[in-house]
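Descriptive structure summary
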Amino acid sequence: QNYAQIKDDGIWVYVIKDNHLKQIKLQVGGIIHNSYAVSNKFEGNEYLVVDKVDKIAPNAKIKVNINKTGGK
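Some words on the pairing of strand E4 (residues 28-32)
When you tally the buried positions in E4, you get zero out of five residues, a small fraction of the element. In this structure, E4 lies alongside strand E5 (residues 35-38), joined through four bridges in antiparallel fashion. Bridging from a neighbouring strand, isoleucine 32 pairs with serine 35 of E5. Hairpin geometry of E4 and E5 is characterised by an intervening segment of two residues between the two adjacent antiparallel strands and by a positive phi of about 50 degrees at histidine 33.

Rendered as structure tokens:
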């Protein structure tokens, strides 16, 4: 829920795919402990944006800094 934006037409998140900003509508199936349970299938080359992007135009080409956490 922290990274989602609620709009009149649904709940959306931003992802980076191929160095471009994309907005994806979430398919929310429920809420579990303040998190959305979604049925969207994300591709391995899509990265969830966890920062504010209000002033960046959708589809804009941007430089990406990927921070992978968890795991070895």
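Let's talk about the environment of glutamine 5
Within the secondary structure, glutamine 5 is located in strand E1 (residues 5-7). It is 9.4 Å that separates the C-alpha atoms of glutamine 5 and lysine 25, two residues lying 20 residues apart in sequence.

Quick notes on the pairing of strand E2 (residues 10-17)
The element E2 is extensively covered by neighbouring structure, given that seven of its eight residues are classed as buried. Here E1 pairs with E2 via three bridges, running antiparallel. Opposite glutamine 5, over in E2, you have tryptophan 12 as the bridge partner. Counted along the chain from E1 to the antiparallel partner E2, the turn is two residues long. Judged from the six bridges that link them, E2 and strand E3 (residues 20-25) form a sheet pairing that is antiparallel. Looking across to E3, one finds that tryptophan 12 is bridged to lysine 25.

Looking at the environment of serine 35
Positionally, serine 35 belongs in strand E5. With relative accessibility at 37%, the residue serine 35 sits in the partly exposed group. Residues serine 35 and lysine 52, 17 residues apart in the sequence, show an inter-C-alpha distance of 19 Å. Leaving out residues up to four positions away in the same chain, serine 35 has contacts with Gln1 and Gly30.

Analysis parameters
Residues numbered from 1 in each chain as written. Predicted model: local features only at pLDDT ≥ 70, side-chain atom pairs only at ≥ 80, totals over all residues. Heavy atoms only, no water. Buried < 20%, exposed > 50% of the residue type's maximum accessible area, 1.4 Å probe, protein only. Helix = DSSP H or I, 4+ residues; strand = E, 2+ residues; numbered from the N terminus. Pairing = 2+ DSSP bridges. Contact = heavy atoms within 4.5 Å.

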